[in-house]
Structures are given as structure tokens and as C-alpha cells.
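Chains, contacts and geometry: an overview
Below are the chains, spelled out letter by letter.
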Amino acid sequence: MTGAAQFKQLTAVLASAALLLTGCTGEGVEEKPQEDPVLQEARTVNQSRHVSDRFEEQPVVIDDPDGFATSKLFFPASEVLILADDTPASQLRAASLAVVVHAPMIIYHSAQHAEVIREIERMSTHTVFAVGDVPVLGYTEQLRVIKDPGGLEALEKATALRFQEREVSRPADAAAAVADLKEMEPTWLNATYGPPQHVSAGAESGVVPVRSRQDAEMAPQVIALPSTSIASIATARAFGASVFVTDQPDPRVSERTLVLTAGLSEKPLVALGRFGTAEKLAERIREAEAAVAPGDLDNISSLPQMPD
């Protein structure tokens, strides 16, 4: 099932206000209370996804500030790697490119230089697009490093695609903006908060190979929080997965999180951010489902629109 199709089904679930049939049978025997219909349909939608067997048959939690673990999960190999410094302007710009070219994104820190090199070698990467203050990496002639000069034109020259620009004015909006990036609608997320993007001396436009999405429409359900790292969300989107940003990590206190995780306590589910341990998340999903009474979810609000 595609991300767009799943979104349509989930939206239908969230918009429904099903009536619960209760009462007595013709023989005067009280019927057993039915399950909440919204929860039941959400579980059906979530479990209908056909997921590649490379993903675990249980929830996986990745609290990944710099993107290394998410890169390892989704990309066994990648010709291209997008690097960014830790400023909002560089991270949102790098995410904008990563989703379009279907390449993983990692945040560069000088203390993690060796780890970046190992990730490049693990994925057999030959092209690095570096955004911001990223003093790397020409340690071999086989590795091509493009230092981003900034601006809209550089993205268009790199990809031969026409980009539109969208301003992101608040840190609280960044995760949802990245999750909403559409591969067929190239968009530069331009952070208007934080310092401007650093441009290294000698930076100039270069061509980045644009690959097809890697998920083959077999990605697991992926959820994230507003505090989840931009790099991890961008990498999941670059793989081809839809990422649903929810308000709280605990499905027992958030109806939105419950609807997104219903039926997945023993199914593939990737939770990006501070969701606790995988075991605790699975336990909370089961507890949340068991606590829902018929009618509890009738008035749940709609989820943010997911990318196609």
C-alpha cells in the first residue's frame, strides 16, 4: 500500500464517527460490548501494509540525533550522502535535497569525523553533498565532495529539477515540514530562524545523482515527534517511507499516537525519537488498545497530510 493510499485510509478512520450497536438480543441476552470501530479500522489499516522482511517483526525505536542509526537501518548502500552542520538552515536545506535524490542525511560534527568516514565506506558512497560548515572529506580520489554554495539555483543545478521555496519560521515546525516533503515536488525548506547558512570558501554547484526511491512500497510504518532529529526523518523519507509526526510518544495518552500504532505491538514499526525502549512502546500500545471503550475515538482530530 502506498503512503498516499494509507493516508487516505487513515484519514477516513480519523474522520469516522461510527455508531456502536449495543443493547439486547431478541432472547433478552445482553450482547458483549463491541470494540471501538475507529480503533478496529485503524488496526486493520496499519496491519495491511506489506513490509519487506529486512525489517523486524516488532517495533524499533531509534533516538538518533545525528542520523547514523537511521542511515544504517534504511540504506545498506548509497552512492550519495548528504551532510549538514548542526544549524537549522543547513539541516533543513540538506533534508530538502536528501528527499529528492533519495540519499541518507547525516549531521557532521568534527568529533564524529571517523564515524562519517566509516559510514561513507559502509555504503560505498562516491558523492558527498556538504551543506554548511562541513570541513571534509577528500581522503580519497574516488570520493567527490560538493560544497554547497547556497541559494535556490545551486539545488536546481545539482538535480536538474525546479525547486520551490518554503520558509520554516519556528523550530517546532521543522519535523513536520521535513515529513511533508514530496519527492515529486522539490522544495527548499528555508529556515528563517537561527544563523544563516555557512558557505565554505570555494563552494560551487555540482551535480548529484538522483536515484529512485528504495522502499519498493514496502516500508514499515514510521512515526516521529516534533523533537525528532531532522536527519532521521529526512533519511526515512529519502528511503521512500511516509513519516507521521505525532504529538506524544505514549499511545496511552495520545489518541493520535494510538491510531498510528494500533495493531503494531508485534509488527514492523519504526519510531524515530524519544519513544522509550522498543519493549516499553510495544507494551504501551497493548495497554492503550485494551483501555479504549467503544466511542472513545469518535471525535479524534485529523492527522497531518502525508506526502505522496
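Details of the structure are given in the entry above.
Overview of the structure. (Residues numbered from 1 in each chain as written. Predicted model: local features only at pLDDT ≥ 70, side-chain atom pairs only at ≥ 80, totals over all residues. Heavy atoms only, no water.)

1. Quick notes on the packing of aromatic side chains
Scanning the model with the defined rule gives four aromatic pairs in all. With centroids separated by 5.8 Å and ring planes inclined at 55 degrees, the aromatic side chains of F55 and F74 adopt a geometry described as tilted. Taken as a pair, F55 in the loop between α2 (37-47) and β1 (59-62) and F74 in helix α3 (residues 68-74) lie far apart in primary sequence, 19 residues in all. The two residues F55 and F74 agree in class, both being buried. Summarising the aromatic geometry, the rings of F75 and F239 are spaced 6.2 Å apart at their centres and angled 80 degrees between planes, so their arrangement reads as edge-to-face. Separated by 164 residues along the polypeptide, F75 in the loop between α3 and β2 (80-84) and F239 in helix α8 (residues 230-239) bring together distant segments of the chain. By way of ring pairs, the aromatic residues F55, F74, F75 and F239 are connected into one cluster. Taking the ring centre of W188 as reference, the NZ or CZ of R93 above it sits at 5.0 Å. (Phe/Tyr/Trp six-rings, centres within 6.5 Å; stacked < 30°, edge-to-face > 60°. Helix = DSSP H or I, 4+ residues; strand = E, 2+ residues; numbered from the N terminus. Buried < 20%, exposed > 50% of the residue type's maximum accessible area, 1.4 Å probe, protein only. Lys NZ or Arg CZ within 6 Å of the ring centre and 35° of its normal.)

2. Some points on the nonpolar core
If you look at the biggest cluster of nonpolar residues, it comprises 66 residues, and the most contacted ones within it are F74, I82, L92, M105, F129, V178 and V222. The contacts of V178, once residues within four sequence positions are left out, are L92, A95, L189, I230, I233, A234 and R237. (Core = buried A, V, L, I, M, F, W, Y, C linked by side-chain atoms within 4.5 Å. Contact = heavy atoms within 4.5 Å.)

3. Here we look at the sheet that holds strand β9 (residues 243-245)
The strand order across the open sheet built from four strands is β1-β10-β8-β9, with neighbouring strands paired in parallel fashion. Edge positions in the sheet fall to β1 and β9, since each has one partner strand and no second. Across this sheet, the average inter-strand angle for adjacent strands is 25 degrees, counted without regard to direction. Note: strand β8 (residues 221-224) against β9, three bridges, orientation parallel. By the bridge assignment, A224 is partnered in β9 with V245. Contacting β1 and β10 (269-272), helix α10 (residues 278-291) crosses the sheet at an angle of about 130 degrees to β1. (Pairing = 2+ DSSP bridges. Axes fitted to C-alpha atoms, helices over the stretch in contact; angles between N-to-C directions.)

4. What about α2?
Those residues of α2 lying buried are V38, L39, A42, R43, V45 and N46. End-on, the buried residues of α2 take up no more than an arc of 165 degrees, which puts them together on one face. Backbone nitrogen of V38 and a side-chain oxygen of the N-cap are separated by 3.0 Å at the start of α2; the cap is D36. (Arc of directions from axis to C-beta. Polar contact = N/O pair within 3.5 Å; in protein donor to acceptor, adjacent residues only side chain to side chain.)

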